[in-house]
Amino acid sequence: MASTLENIFSRSDSTKAYSLLSPSLLLLIFVFAFPIFFLIAYSFWTQDYVTVDTTLTLENYKTVINKSAYHTLIKRSLVISSLTTLVTVLLAYPMAYYVAFVVKDRKLLWLIALTIPFWTSYLLRVFAWKLILGYNGVINGSLYNLGIIENPLSFLLYNPFAVFVTLAHAWSAFAILPIYVSLEKIDRSLLEAASDLGDSAFKRFWRITFPLSFPGVLAAALIIFIPTTGDYITPKLVGGSEGIMVANLIQIMFGKANNWPLGSSLAIVTMTIVTVLVICFVLISRWLISRIK
Amino acid sequence: MKIIRDILISTLFFVSFAVNAEEAHLFTWVDQDDIPFIQHYIDKYGAEPKTSVFEDEDEAFAKLRAGYSADVYGPCSYEIPRWRDAGLIQPIDVSKLEYWEKIPESLRNMPGVYDDKGQVWFIPHLFGNTSVIVNTKLAPEYAGDKNSWDILWDPKYKGRVGILAGAVDTIPLVAAHIGVNAYDMTDSEWETVKVKLRELVDQARIITNVTGELESAMAQGEVVAVEAWNDSYNNLIWDEQFTDPVEYMQPIDQKIFSWVCGFALSSTAGNEAPIEKAYALIDSGLSIQAAQFLIEDWGYAPANADGFGVASEEALELIIVDTSDVDAWLANTIFQEVMPNLDKIVEEWELIRAKVD
């Protein structure tokens, strides 16, 4: 009996791998899949006041798809998170490049130093930006003391700009590390060979370093884009009215507006849109990168 | 030896749980579980009651519907119909309460307390107001007799006002300002209110339920007027670093709003701790110490009218309620009640507030 089991499990490497992973895999499936399953179930029900009607219906999806207010909200969230992703990755790349290529020893120390700001809680970082961008905050205070402005600038806080700045800062560590890892893995001898064969520094970067670091860039972009679309705390604290994103409304649905089915369908629609966009982005960028000669 | 010590510690730990399990459990607003509110209970039973807190009533409602329970809850009166319909609370036998008679008539008979069968579902504990605080140094044209909620829509102060995010506060206020009764409005009236709400959202710099944010924005001069409860007014007066004169608006041609928060008895009360202890908790909240604390530390008026007799002179001066005749004063305000179709109104308000509608 024991030997048959042994035989099954050692039949192939992948079976062995899965069986080793299975306790945590099962836990993950249980913890992630069940809530998503309930979310999907709720999106097909309706709620009236305190009772939930479980007859299946597409009402909620029709509401989300037909009401232009929800379109605007989802579009706004996607724009903010795309902009955040773009800027964060653009800023993170040089930092990762510096640590990977220019720093010769004590790289670990550099990496730790890069992550120190993120040893505080996310909420505190958002609050810190509120202090920096605020009416009597660091920026306004300094500009006023230098005599550059008479009245505090009000466009710094409580708008999409503030959300975008806060998100870009708060998520930058998540961008630097994946890009660093893929840059670090690049075989330096390839670069040597290219320069021996006559490539300039820029050409070396464009034809070798960048395409090979692309998996890291892609990972960084996805790590930032997907969560920031659904970010809730930052818009709530620094977004004002115009910076409110879709997750805030989903939370309202599950809270004050007491309409879990509508909230679930809004969540599912957002998730689907983000998934579709991510797949398109991955396919298109992979194809573009493969065209670099 | 070490293992005996560990066993002793864990036993004591579980025993302490068991001991606590016999005390009544209060589930109420943050800070309303402070010592002055439970002192009476501690004096009576020699032990502290269990307490847990919520930040807003929607969070509390969601938690209770998910299965959480306590013995006494601290919602405000407009929540009672919803909590009752969800089966979360039970009627209260007022003959078991020590301070029921001390509560002014108008509060005892306010909407939400009695149902049509004459049963009591809600015990008023404290009441306050919703109106607008104005900085009369920066906006002197709205001082005194010229108090008016118009300031919230004044183009001169665009981007310099703050409002409460809660639908139960802001929507009735805006509706009343244009002559609509939010507690009984038709769809077309609601549309007119929405127009006003959109204008207000354009004007507002801050829309929040965290009153501290509104207060600090006033104190920094970032905003000139905020829609707020009267405890924010007291906090601004007591703030030593903020010296601008402020007024809590009581417009001549506009009744301001009153809201009442209090106690409800859980439908599971008496299951763990004896039900007398739950009643003792309610008594504790209505006691004289609690009443005095409310006036002197928070600036709210207690439902126990004896509290006005023991509080300090200066604290009483700040309270905007006319303590010589609470009933008459309250009759001149609008009680905040339940808006019909609240869920739909909240959804539409939140979309307006996000500037997508």
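Basis of the calculations
- Residues numbered from 1 in each chain as written.
- Chains lettered and ligands numbered in written order.
- Predicted model: local features only at pLDDT ≥ 70, side-chain atom pairs only at ≥ 80, totals over all residues.
- Helix = DSSP H or I, 4+ residues; strand = E, 2+ residues; numbered from the N terminus.
- Rg over C-alpha atoms; globule rule 2.2 N^0.38 Å.
- Buried ≥ 20, exposed ≤ 12 C-beta atoms within 10 Å, placed from the backbone.
- Contact = placed C-beta atoms within 7 Å.
- Domains from an automatic or database assignment.
- Nonpolar A, V, L, I, M, F, W, Y, C, P; charged D, E, K, R; others polar.
- Core = buried A, V, L, I, M, F, W, Y, C linked by C-beta atoms within 7 Å.
- Axes fitted to C-alpha atoms, helices over the stretch in contact; angles between N-to-C directions.
- Parallel < 35°, antiparallel > 145°, perpendicular 65-115°, else oblique.
- Left-handed = near helix turned anticlockwise from the far one by under 90°.
- Expected span 1.5 Å × (residues − 1).
- Pairing = 2+ DSSP bridges.
- Right-handed = clockwise from strand over helix to strand, strands pointing away.

(A) Looking closely at the overall build of chain A. The helix and strand inventory of chain A stands at 14 helices and two strands. Relative to the compact-globule value of 19 Å for 293 residues, chain A shows a C-alpha radius of gyration of 24 Å, a clear excess of over 25%. In terms of overall dimensions, chain A has C-alpha extents of about 85 × 75 × 35 Å along its principal axes. Burial status across chain A gives 30% buried among its 293 residues. Put simply, 71% of the contacts in chain A that link residues at least 6 apart link residues at least 24 apart.

(B) The domain arrangement of chain A, seen in detail. Residues and elements named next belong to chain A. When the domains of chain A are assigned, the result is domain 1 (1-43) and domain 2 (60-290). Inter-centroid distance (C-alpha atoms) of domain 1 to domain 2 is 33 Å. Facing the four residues of domain 1 at the interface are seven residues of domain 2. Classifying every residue of the side of domain 1 that touches domain 2 by side-chain character gives three nonpolar, one polar and no charged.

(C) Spatial organisation of the interface of chain A and chain B. Between chain A and chain B, the residue contacts involve 19 residues of the former and 23 residues of the latter. When residues of the side of chain A that touches chain B are traced back to their parent elements, those giving at least two are helix 4 (68-102) and helix 13 (246-254) of chain A. Per element, the largest residue contribution to the side of chain A that touches chain B is three residues, and it comes from helix 4 of chain A. Residue composition of the side of chain A that touches chain B, by class: ten nonpolar, seven polar and two charged.

(D) Summary view of the nonpolar core. In terms of nonpolar packing, the biggest core is built from 155 residues, with I179 of chain A together with V72, I133, A225 and V226 of chain B touching the most fellow members. Sort the elements by how many residues they give to this core and helix 4 of chain A lands first, with ten residues. Excluding its chain neighbours within four sequence positions, the residues that come into contact with V72 of chain B are A24, L26, F263, L265, S266, A278, L281 and I282 of chain B.

(E) Seen up close, the packing of helix 4 of chain A against helix 9 (residues 172-184) of chain A. All names here are of chain A. In contact at an axis separation of 8 Å, helix 4 and helix 9 are set at 45 degrees when each is read in the N-to-C sense. Our classification of the angle between helix 4 and helix 9 gives oblique. Seen from above, helix 4 lies across helix 9 with right-handed handedness. Each of T88, V89, L91, A92, Y93, M95, A96, Y97, V99 and A100 in helix 4 lies in contact with helix 9, whose residues at this interface are S172, A175, I176, I179, Y180, L183 and E184.

(F) Summary view of the domain arrangement of chain B. All names here are of chain B. Here the domain parsing of chain B yields domain 1 (2-126 + 259-329) and domain 2 (128-257 + 337-353). In this structure, domain 1 and domain 2 have C-alpha centres spaced 28 Å apart. On the side of domain 2, 13 residues touch domain 1, which itself brings twelve residues to the contact. Looking at side-chain class alone, the side of domain 1 that touches domain 2 contains ten nonpolar, one polar and one charged residues.

(G) Structural detail: the environment of A219 of chain A. On the secondary structure map, A219 of chain A appears in helix 11 (residues 201-229). Measuring from C-alpha to C-alpha, the distance between A219 of chain A and L177 of chain A comes to 9.9 Å, with 42 residues separating the pair along the chain.

(H) Just the packing of helix 13 of chain A against helix 14 (residues 260-290) of chain A, in detail. Residues and elements named next belong to chain A. Direction vectors running N to C along helix 13 and helix 14 enclose 155 degrees, while the axes themselves pass 7 Å from each other. Classed by the angle they form, the pair helix 13 and helix 14 counts as roughly antiparallel. Regarding helix 13 and helix 14, the two cross each other, and that crossing is left-handed. Between helix 13 and helix 14, the residues in contact are V246, L249, I250, M253 and F254 and W260, L262, G263, L266, A267 and T270, respectively.

(I) Inspection of helix 10 (residues 275-286) of chain B at higher detail. Residue and element names in this part refer to chain B. For helix 10, built from twelve residues, the straight-helix expectation of 16 Å at 1.5 Å per residue is met to within 8% by its first-to-last C-alpha distance of 17 Å. Of all the twelve residues making up helix 10, ten are buried; the element is thus mostly covered by neighbouring parts of the structure. Residues of helix 10 that are buried include every one of K277, A278, Y279, A280, L281, I282, D283, S284, G285 and L286, and no others. In this structure, the buried side of helix 10 is in contact with strand 1 (25-29), helix 2 (35-45), strand 3 (72-73), strand 5 (123-135), strand 10 (257-266) and helix 11 (288-298).

(J) The arrangement of the pairing of strand 2 (residues 50-54) of chain B in detail. Residues and elements named next belong to chain B. Of the strand pairs in this sheet, strand 1 and strand 2 are connected by five bridges, and their pairing is parallel. Bridge pairing in strand 2 links F27 to S52. Viewed along the sheet, the connection from strand 1 through helix 2 into strand 2 turns out right-handed.

(K) Layout of unusual backbone geometry. Backbone geometry at N258 of chain A places phi at a positive 55 degrees, although glycine is not the residue there. You can see N258 of chain A is positioned in the loop between helix 13 and helix 14. Classification of N258 of chain A by C-beta neighbours within 10 Å gives buried; the count is 24. At D31 of chain B, a residue that is not glycine, the phi angle is positive and equals roughly 80 degrees. Note on placement: D31 of chain B falls in the loop between strand 1 and helix 2. Take D31 of chain B: there are 10 C-beta atoms within 10 Å of it, and that puts it in the exposed class.

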